Amino acid sequence: MTILLAVILLFLLSLRVDIGLHRFFDADEFTHVSLAMQVLHGQVPYRDFMTFFTPAYSWFLGVPFRLAASSVDVFTIGRIVSLGVFFALLGVLTALFGCMRGWKYALLPGVILSFLPLPYDKFLEIRPDTLSALLGFTGVLFLILGIHSSSSRLSLELRRVGDIPAWLSVFTRWKHRSIWYWFLSGACFSLSVLLLQKSVPFLAVGAGMSFIYFYYRHGLKLFRSREFLWCAGGTVLPFFLFFFWVVFVIRDIDLVRYSLTTLAFEVNKMSRYYFMEPHLYFFPTAQFFGGEGITIGLLVNHAIWMIGICMGAVRLLTPWLSPDTSKARVYAEGIMASLFFILVYLYMYYVPLKHPQYLIPIAVFIAFYASDVFVLFLHAIEKHIRPIGVL
């Protein structure tokens, strides 16, 4: 079965590459390419030009853009980078499914996400949404690995906060790898938000579930837990570095605050005159579903989305209803399902402009939970059809 899924995935990815390199450019892509080129040519965000994004994505694009700094080839390079980010997202999704459901069908979520018509093309565009989702789900993966690793061993506690040798030991002892899981989890959540402010739910759920986990494990002694302190350090470090850059490069904290908060909200006030229903892009449209009217693409897309949403609701309850009620499983399922439904709720009721790129992280969850249903179905028939079990 793994070989079959790999062949299907490679075929779908070949279609992605072809579309990614030939599809028309969205207006937002010109914005992000322009911002990256201005930064690459030495201009300083906020001070030399107006933007309500952080410069993190511009810095990221600046590395490959140096190959064609004065050529229209930057658009092709940007699309290639976006494809690479999407492939990395598929890898993280595969690892998540493998860790939580087993590795036999771990490629299935990647196959579904590669096929899913909505929001198909947004994954391919030059925009920070996919990279932010990649970092967010990488944070979720490290958080789940940290919980499983910590639950299977005794806690690491500091006898005193100033125990420097104990802190330095994490660099030389692989048995302390859980500390790295916690540190990288916090860092990925923070970097996700620094790339795109609307990724705050990843940070909020990640930080909240981490605190709950450590509090119920250590009580008020959680501040002596080396794992908790490294998780907090990983979360704070990116924001500290960004603040350091603002203070010593921009030298105008109020300008940056205005640009990232007030200006962003002011721009989104256009939703008063450009109202978008949350189900707008689920209506028949040739852009996503291969033709006008009711098409096979539309029916399959809607079926996958409905299956994924229903299974997500089931998984939110199953940690307490299934025979496996281990704390690690309860926390892992709680993290995934709560984040999923928070994102859905915010998209439906709070996101002012419901463009399809806001569906990028939700679509990843849809692929994950839809795979759950298909795997349960395959497990049910494996007992009766031996060739599937052999595959």
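Residues numbered from 1 in each chain as written. Predicted model: local features only at pLDDT ≥ 70, side-chain atom pairs only at ≥ 80, totals over all residues. Heavy atoms only, no water.

Some points on the nonpolar core
Right, on to step 1. Counting 95 residues, the largest nonpolar core has Phe-65, Leu-96, Leu-113, Phe-137, Val-140, Met-336 and Ile-362 as the members making the most contacts within it.
Right, on to step 2. Those residues in contact with Leu-96 that lie beyond four places of it in its chain are Phe-137, Val-140, Leu-141, Ile-144, Met-336 and Phe-368.
Right, on to step 3. Listed in part, the nine residues of the second largest apolar core include Tyr-46, Leu-194, Phe-242 and Val-246. (Core = buried A, V, L, I, M, F, W, Y, C linked by side-chain atoms within 4.5 Å. Buried < 20%, exposed > 50% of the residue type's maximum accessible area, 1.4 Å probe, protein only. Contact = heavy atoms within 4.5 Å.)

Here's the deal with the packing of aromatic side chains
Right, on to step 1. This model, assessed by the stated rule, comprises 36 aromatic pairs.
Right, on to step 2. Measuring from centroid to centroid gives 5.2 Å for Phe-25 and Phe-75, while their planes differ by 65 degrees, and the two rings are edge-to-face. Of the two residues, Phe-25 is situated in the loop between helix H1 (2-22) and helix H2 (27-40) and Phe-75 in helix H4 (residues 73-101); the sequence distance between them amounts to 50 residues.
Right, on to step 3. The class for Phe-25 is partly exposed, based on a relative accessible area of 32%.
Right, on to step 4. Taken together, a centroid distance of 5.9 Å and an interplanar angle of 90 degrees make the contact between Tyr-215 and Tyr-216 edge-to-face.
Right, on to step 5. Relative accessible area serves as the criterion here: at 64%, Tyr-216 is assigned to the exposed category.
Right, on to step 6. These aromatic residues form a ring-pair network of at least three members: Phe-97, Phe-137, Phe-202, Phe-340, Phe-341, Phe-365, Phe-368 and Tyr-369. (Phe/Tyr/Trp six-rings, centres within 6.5 Å; stacked < 30°, edge-to-face > 60°. Helix = DSSP H or I, 4+ residues; strand = E, 2+ residues; numbered from the N terminus.)

What to know about the environment of Ser-58
Right, on to step 1. Considering the arrangement of structural elements, one finds Ser-58 in helix H3 (residues 56-65).
Right, on to step 2. Taking C-alpha positions, Ser-58 is 6.2 Å from Leu-35, a pair spaced 23 residues apart along the chain.
Right, on to step 3. Setting aside residues up to four positions removed in sequence, Ser-58 forms contacts with Leu-35, Ala-36 and Val-39.

What about the pattern of salt bridges?
Right, on to step 1. This model, assessed by the stated rule, comprises 17 salt bridges.
Right, on to step 2. One salt bridge connects Arg-23 with Glu-29, and the closest N-O pair in it is separated by 3.9 Å. Each member of the pair, Arg-23 as well as Glu-29, is classed as buried.
Right, on to step 3. Ionic pairing is found between Asp-121 and Arg-23, a salt bridge with its closest N-O pair at 2.7 Å. Taken as a pair, Asp-121 in the loop between helix H5 (108-115) and helix H6 (128-151) and Arg-23 in the loop between H1 and H2 lie far apart in primary sequence, 98 residues in all.
Right, on to step 4. Residue Asp-121 is classed as buried on the basis of its relative accessible area, which comes to 5%. (Salt bridge = Lys/Arg side-chain N within 4 Å of Asp/Glu carboxyl O.)

Notes on unusual backbone geometry
Right, on to step 1. Note the cis peptide between Leu-118 and Pro-119, where omega equals 0 degrees.
Right, on to step 2. With respect to the helices, strands and loops of the structure, Pro-119 is situated in the loop between H5 and H6.
Right, on to step 3. Even without being a glycine, Arg-251 presents a positive backbone phi close to 60 degrees.
Right, on to step 4. Counting through the fold element by element, Arg-251 comes out in the loop between helix H10 (226-250) and helix H11 (253-268).

Quick word on the environment of Leu-346
Right, on to step 1. Examined against the element boundaries, Leu-346 turns out to sit in helix H14 (residues 327-349).
Right, on to step 2. Along the primary structure Leu-346 and Tyr-358 are separated by twelve residues, whereas in three dimensions their C-alpha atoms are 9.9 Å apart.
Right, on to step 3. Those residues within four positions of Leu-346 in sequence are excluded, and the remaining contacts are Pro-201 and Val-351.

Let's talk about the packing of H4 against helix H15 (residues 360-382)
Right, on to step 1. The interhelical angle for the contact between H4 and H15, taken along N-to-C directions, is 40 degrees, at an axis separation of 11 Å. Between H4 and H15, the angle falls in the class oblique. Viewed along their axes, H4 and H15 form a crossing whose handedness is right-handed. Only Val-364, Ala-367, Phe-368, Tyr-369, Ser-371, Asp-372 and Val-375 of H15 make contact with H4, whose side of the interface consists of Leu-89, Leu-93, Leu-96, Phe-97, Met-100 and Arg-101.
Right, on to step 2. Residues belonging to the contact of H4 with H15 are distributed by class as follows: ten nonpolar, one polar and two charged. (Axes fitted to C-alpha atoms, helices over the stretch in contact; angles between N-to-C directions. Parallel < 35°, antiparallel > 145°, perpendicular 65-115°, else oblique. Left-handed = near helix turned anticlockwise from the far one by under 90°. Nonpolar A, V, L, I, M, F, W, Y, C, P; charged D, E, K, R; others polar.)

Brief notes about the packing of H3 against H4
Right, on to step 1. The N-to-C vectors of H3 and H4 enclose an angle of 115 degrees; their axes lie 10 Å apart at closest approach. It follows that H3 is roughly perpendicular to H4 by the angle criterion. Our pair here, H3 against H4, has a crossing hand that is right-handed. Here Tyr-57, Phe-60, Leu-61, Pro-64 and Phe-65 of H3 lie close against H4, whose contacting residues are Val-74, Ile-77, Gly-78, Val-81, Ser-82 and Val-85.
Right, on to step 2. Classifying every residue of the contact of H3 with H4 by side-chain character gives nine nonpolar, two polar and no charged.

Coordinates in, geometry out; function isn't part of it.
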